[in-house]
Amino acid sequence: MVLSGVKKNDKCRIKQVMGGGYARKRLYELGLNSGAELKMVKNDFGPIIVSMSGSKLAIGRGLASHIVVEKE
Amino acid sequence: MQNIALVGNPNSGKTTLFNVLTGSNQHVGNWPGVTVEKKEGSFKHKGALYNVVDLPGTYSLGAYSEDELVARDFIVKGNPDVVINVVDATNLERNLYLTTQLLEMGANVVVALNMMDEAESKQIMISTKDLSEALGVPVISTVAAKKKGIQELIDGTLKAMNQEPRKIVFTYGKEIDEEISKIRDLLKDESLPYPDDWTALKLLEGDQEMLSIVEKMDQVKTHLKSLQADNVDYELDIVDKRYAYVNGITKKCVVKPAEEIVTATDKIDRILTSRLFGLPIFGLIMYLVFQLTFVVGSDILGGYVETAIEIFGEFVEGWLVSVGSPDWLVSFVIEGFVGGVGAVLVFVPLIMVLYFFLAILEDTGYMSRAAYIMDGIMRAVGLHGKTFISMIVGFGCNVPGIMATRTLENKKDRMIAILINPFMSCGARLPIYLVFIAAFFPNNGGLVLFIIYALGIGMALLMGKLFSKTLFKGESSHFIMELPPYRLPSPTSVLRDMWEKVWDFVKRAGTVIFAVVALLWVMSVLPMGVEPYSQESILGRVGQFIAPLFAPAGFGTWQASVSLFAGIAAKEAVVAVLGMVYAGVSEGSELVNAIRDSFTTLSAVSFLVMTLLYTPCAAVIATVKKETNSYKWAAFMAIYPFVLAWSLAVLVYQIGSLMGF
């Protein structure tokens, strides 16, 4: 499944970031690389918000739909 | 003097630490050639003076933004004796990613493990001793906001200053390591601005700056091309390896609670970013900011300043006359200087209050929520959510507003953000509204002000939409933004922030505005023998020449025209000129009365529309030139808002007249 499909309060682990270019590298540099564990904080409208090792990141919906995750 | 550089992620408390270290011994400038702000300061310790440079906050040291380039350039070429890496203890993994990059560069690093109190309240336990051993550099725990651990940090820094940094040998796995050494060998005989192995590493990461440096080195280029042909791309692998290294370290030194603790931030965010309440609350906050700015800044404090300037003016006039000064000197000092510059200074309290609230919004962490909330609306008009932050900064002054667009990585997003920023009404335009509000809407000041600002935002969004459909087509880049935890704003940092801006405003009043006012005064008394500030003066003639242009908008008087003309030099000059030409001396109430006599309510409204939207001041146009590196865009920035403002002002006046206002 993709990150934008994860429900609020569910945890997941990143398997792969699809697509390329700058956004992918930026995600990697912020620690959103394969294996990273996330918790969905908010997923209703606009960018999603995830929590990752204590910090919160807002990620655009389009980008979040390119992040492949597996549920924990 | 020895140099210390401060590096860290955004929101790591780097600037707070800088303020604690240097106190009031600091100055703000620009890095040469770029518009990135450079903060420098110094502190004394045991009689020796140390220079501290606050590098821009970054997550990484790539070549993606000017901020990153400036930071890494200084670390490599500026030869700092020590690099203090400010690390947010509540988010060690991501912060240490930057640390690994500093170590790769061979910098002499001292880690300030900041916000230890917040980490403790989240039950995150970090062993500084283990962390220091694992990283091979000194680690000192601090709470910059509470001035804890500062002495230890200074001691550790000075101790590190006299030691060679321990060379860390990184491994990125056999394959990448071999590739690095291959490229390094090819670079051996070239003269490079950076260390060989670091350049090699960055080339494998696809770093644009490095690629342009090796552009003429055929051997290296051929090799990189062959890698590309074989589809070898290590860019993300290298990032992964760094994180693997960091995770290895944090496993050894950090103990975290099994279940993340629900913080106050989480609870507040549930409301402030909620679908239902997020936007209305944001609107309410902005409305309150403007109401308070108006009430406290203008109604309460503004009056005192006005009285003070009046008394000062009378005193100076009395003194000048008593010592037998010639009439022209009295006229220049009282009407030109006290009148013109004074008309601007009256608004210092107001600017102060506005900046005070903007600094609080920034300091508490609300600003990034505003960008988040606005992303939906911004995206609907083809803009990036972060554009909104540059727009809010523009409320203070469009120059930093345009600079703030640098956080937009996509060229298209950035160009649009730059071109629409001047519609965000800056602090210098505020005095114009206030004079007109006092004359025509004395009972609804806050509301009218809110409408003016909202019109500016609306126009910015509209033009944004237009530009994204015409001049800059294509997808807007992705939204990725950190939402830092809410923090109580630190009074010192809010006041310092406010003071810096206010002082800037005062300095401008004393220099640029004074020069403009002096020039206008000269224009108003020449040619010799004319009635000063009359239609026959040069000033009057210039105004008369332009005036017909504004007749369809209802303010085709030479006075209004010449004030708009002066406003292109600096927006503050609009009120200064109105003061000179209408009141002779611009003591507040006299000017207000004169304006009430010379404008109708309708022409006042169309004049406000004009001043809100027309050509930005010279400083903004110069900034656009600098940021876009193009005279074409600078010229565009000067012309299109004028056309737009004029058309709208005419529309307002003509329709209003038809409707019988």
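Residues numbered from 1 in each chain as written. Chains lettered and ligands numbered in written order. Predicted model: local features only at pLDDT ≥ 70, side-chain atom pairs only at ≥ 80, totals over all residues.

S.K.: Sorry, what's going on with the overall build of chain B here?
M.R.: A tally of helices and strands in chain B yields 30 helices and 10 strands. The C-alpha radius of gyration computed for chain B amounts to 28 Å, which stays within 12% of the reference 26 Å derived for 661 residues, consistent with globular compactness. With the principal axes as the frame, chain B shows a C-alpha extent of 85 × 55 × 55 Å. Residues counted as buried form 48% of the 661 residues belonging to chain B. Of all intrachain contacts in chain B linking residues separated by at least 6 positions in sequence, the fraction that spans at least 24 positions is 71%. (Helix = DSSP H or I, 4+ residues; strand = E, 2+ residues; numbered from the N terminus. Rg over C-alpha atoms; globule rule 2.2 N^0.38 Å. Buried ≥ 20, exposed ≤ 12 C-beta atoms within 10 Å, placed from the backbone. Contact = placed C-beta atoms within 7 Å.)

S.K.: Can you help me understand the overall build of chain A in this one?
M.R.: When its secondary structure is counted, chain A shows two helices and five strands. Listing each helix as α and each strand as β along chain A from the N terminus yields β-α-β-β-β-α-β. In chain A, buried positions account for 53% of the 72 residues. Long-range pairs, those at least 24 residues apart, make up 58% of the contacts in chain A with a sequence separation of at least 6.

S.K.: Just checking my understanding: could you explain the interface of chain A and chain B for this structure?
M.R.: Size of an interface, as often reported, equals the accessible area lost when the parts are brought together. Listed by partner, the interface residues are 27 residues for chain A and 28 residues for chain B. Sorting elements by how many residues they give to the side of chain A that touches chain B places helix 1 (residues 21-29) of chain A first, with seven residues. Residues of the side of chain A that touches chain B, tallied by class, amount to 12 nonpolar, nine polar and six charged. In this structure, strand 4 (residues 55-59) of chain A lies alongside strand 10 (residues 480-483) of chain B, joined through four bridges in antiparallel fashion. If you follow A:Lys56 over to strand 10 of chain B, its bridge partner there is B:Leu483. (Nonpolar A, V, L, I, M, F, W, Y, C, P; charged D, E, K, R; others polar. Pairing = 2+ DSSP bridges.)

S.K.: Would you explain the nonpolar core in this entry?
M.R.: A general tendency of soluble globular proteins is for nonpolar side chains to be buried together. All names here are of chain B. In this structure, Leu6, Ala112, Val435, Phe436, Val577, Ile595 and Met610 are the most contacted members of the largest nonpolar core, which totals 223 residues. Of the residues forming this core, the biggest block, 10 residues, is contributed by helix 15 (residues 348-364). Sequence-distant contacts of Phe436, that is, excluding residues within four places in its chain, are made with Ile595, Ala604 and Leu608. (Core = buried A, V, L, I, M, F, W, Y, C linked by C-beta atoms within 7 Å.)

S.K.: What is the right way to read the confidence of the model for chain B from this model?
M.R.: Low pLDDT means the predicted coordinates in that region are not meant to be read closely. Averaged over every residue, the pLDDT of chain B is 84; the share at 70 or more is 97%. The ipTM, which scores confidence in the relative placement of chains, is 0.92 for this predicted complex, and the corresponding pTM is 0.78. (pLDDT = per-residue confidence, 0-100.)

S.K.: Can you help me understand the environment of A:Glu72 in this one?
M.R.: Residues and elements named next belong to chain A. Its place among the elements puts Glu72 in the segment after strand 5 (67-71). For the pair Glu72 and Cys12, spaced 60 residues apart in sequence, the C-alpha separation works out to 5.1 Å. Beyond its immediate chain neighbours, meaning those up to four positions away, Glu72 contacts Lys11, Cys12 and Arg13.

S.K.: Can you walk me through the sheet that holds strand 2 (residues 37-42) of chain A in this structure?
M.R.: Within a sheet, adjacent strands bond to each other through the backbone by hydrogen bonds, running parallel or antiparallel. Pairing is antiparallel in the open sheet, where six strands are placed in the order 5(A)-1(A)-2(A)-3(A)-4(A)-10(B). Lying at the two open borders of the sheet, with one neighbouring strand each, are strand 5 of chain A together with strand 10 of chain B. Strand-to-strand twist of the sheet, defined as the mean angle between neighbouring strand axes without regard to direction, takes the value 40 degrees. Bridge count for strand 1 (residues 11-17) of chain A against strand 5 of chain A is five bridges, and the pairing is antiparallel. Its bridge partner lying in strand 5 of chain A, A:Gln16 is registered against A:Val68. (Axes fitted to C-alpha atoms, helices over the stretch in contact; angles between N-to-C directions.)

S.K.: So what exactly am I meant to see when it comes to the packing of helix 7 (residues 174-187) of chain B against helix 8 (residues 196-204) of chain B here?
M.R.: To characterise two packed helices, one gives the angle between the axes of the helices and the distance between these axes. Residue and element names in this part refer to chain B. Where helix 7 contacts helix 8, the two axes come as close as 8 Å, and the packing angle between them is 120 degrees. Viewed along their axes, helix 7 and helix 8 adopt a mutual orientation that is oblique. For the element pair helix 7 and helix 8, the recorded crossing hand is right-handed. Contacts between helix 7 and helix 8 involve Ile176, Glu179, Ile180, Ile183, Arg184 and Leu187 from the former and Asp196, Asp197, Thr199, Ala200, Leu201, Leu203 and Leu204 from the latter. Of the residues contributing to the contact of helix 7 with helix 8, the split by class is eight nonpolar, one polar and four charged. (Parallel < 35°, antiparallel > 145°, perpendicular 65-115°, else oblique. Left-handed = near helix turned anticlockwise from the far one by under 90°.)

S.K.: I would appreciate a short explanation of the packing of helix 15 of chain B against helix 22 (residues 491-510) of chain B in the present structure.
M.R.: All names here are of chain B. Where helix 15 contacts helix 22, the axes come no closer than 8 Å and their chain directions differ by 145 degrees. Between helix 15 and helix 22 lies a crossing of right-handed hand. Two secondary-structure elements touch here, helix 15 through Val348, Ile351, Met352, Tyr355, Phe356, Ala359, Ile360 and Asp363 and helix 22 through Ser493, Val494, Asp497, Met498, Lys501, Val502, Phe505 and Val506. For the contact of helix 15 with helix 22, the class distribution of residues is 12 nonpolar, one polar and three charged.

S.K.: Explanation requested: the domain arrangement of chain B in the structure shown.
M.R.: Residues and elements named next belong to chain B. Annotation of chain B at the domain level lists domain 1 (2-161), domain 2 (174-233) and domain 3 (282-477 + 493-658). A straight line from the C-alpha centre of domain 1 to that of domain 2 covers 29 Å. Classifying every residue of the side of domain 1 that touches domain 2 gives four nonpolar, two polar and two charged. (Domains from an automatic or database assignment.)

S.K.: Would you mind showing me how to read the pairing of strand 2 of chain A here?
M.R.: Each regular strand displays side chains that alternate between the two surfaces of the sheet. All names here are of chain A. With three bridges joining them, strand 1 and strand 2 adopt antiparallel strand pairing. Along strand 2, the bridge assignment pairs Lys11 with Lys39. Note that strand 2 and strand 3 (residues 48-52) share three bridges and pair antiparallel. Bridge pairing in strand 3 links Met40 to Val50. Between strand 2 and strand 3, which pair antiparallel and follow one another directly, the connecting turn spans five residues, one of which, Gly46, has a positive phi of 60 degrees.

S.K.: What is the right way to read unusual backbone geometry from this model?
M.R.: For residues besides glycine, phi is generally negative; the peptide bonds are generally trans as well. Of note in the backbone geometry, A:Asn9 takes a positive phi value of approximately 75 degrees without being a glycine. By the secondary structure assignment, A:Asn9 is in the segment before strand 1. The backbone of B:Asn79 sits at a positive phi, close to 45 degrees, despite the residue not being glycine. Structurally, B:Asn79 can be placed in the loop between helix 2 (66-77) and strand 5 (82-88). Taking the C-beta count within 10 Å as the criterion, B:Asn79 has 10 such neighbours and is therefore assigned exposed.

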